[in-house]
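Descriptive structure summary
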Amino acid sequence: MGKFIATELFDGKGEAGEKLVWDAVKRGFGLRECLAYWRYPIFAEGKFRKEPDILIADYDFGLIVIEVKAIGVEQLVAIQGHRWQYQNFYTDFGNPYQQAERQLFALLAYCDREALLRRQVQARAIVALPYVSQHEWQARGFANLPNSPPILFKEDLAESDFLIRAIIKNQPLIAGVELTPTQWELLLAV
């Protein structure tokens, strides 16, 4: 029932972690009414192109943007606010949750152009850490931070039910409403 579109091949450096999450999304959402993209390009007016690692439009859950960070827990040095400090990674710093939020809000801006969708679509931004377990995250003290974002851990990707439960346990950024069939078709068109 779900439809899954990969906009390019998984052959670049660092994409193995994204593929793990993508495969888990396909298993977890395979029987759901949804449309999912790996690397969906968003072109916002006057701004740079945004490209969520994974975008899911689900009839019941609305929009979900997943930003994948394929790092081991030892590569994450510190988290201060939205800023993550890395070591032995291609960059020293990143803002994965903020990045997912920006991409999500860019998509919601397109939705808000349609009167039937304006402020109606439920929306979540999540960071996926396919090489980090929840235990490792907690042992490093990151789970105790007041700004710890919604995370999909290695074990959340293991079983279809685990992924869905992990996603819905996180409060949506935008509460939205239960979409009507007309709103769902419009969301897919947007």
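Placed above this text is the structure.
These lines cover the structure that appears in this document, whether it is placed above or below.

The rules behind the values
- Residues numbered from 1 in each chain as written.
- Predicted model: local features only at pLDDT ≥ 70, side-chain atom pairs only at ≥ 80, totals over all residues.
- Heavy atoms only, no water.
- Pairing = 2+ DSSP bridges.
- Helix = DSSP H or I, 4+ residues; strand = E, 2+ residues; numbered from the N terminus.
- Core = buried A, V, L, I, M, F, W, Y, C linked by side-chain atoms within 4.5 Å.
- Buried < 20%, exposed > 50% of the residue type's maximum accessible area, 1.4 Å probe, protein only.
- Salt bridge = Lys/Arg side-chain N within 4 Å of Asp/Glu carboxyl O.

Section: the sheet that holds strand β9 (residues 93–94)
Spatially, three strands are ordered β7-β8-β9 in an open sheet, and the strand pairing comes out antiparallel. Looking at strand neighbours, the two that pair on one side only are β7 (76–80) and β9, the edges of this open sheet. The pairing of strand β8 (residues 83–86) with β9 spans two bridges and is antiparallel. Following the sheet pairing, W84 is matched in β9 by G94.

Some remarks on the nonpolar core
Formed by 34 residues in total, the largest nonpolar core has its most connected members in L63, L76, W84, L129, W137 and L187. Among the elements that take part in this core, helix α2 (residues 96–112) stands out by supplying seven residues, more than any other. With 22 residues, the next largest nonpolar core counts A36, F61, L163 and I164 among its residues.

Re the pattern of salt bridges
Once the charged atoms of two side chains with opposite charge are near each other, the side chains can pair. Under the counting rule described, the total for this entry stands at eight salt bridges. R39 is the salt-bridge partner of E51, the closest N and O atoms lying 4.0 Å from each other. With E51 in the loop between β4 (49–50) and β5 (54–58) and R39 in the loop between β2 (34–38) and β3 (42–43), this residue pair connects regions lying 12 residues apart in the sequence. The structure contains a network of salt bridges with shared partners spanning E15, E18, R39 and E51.

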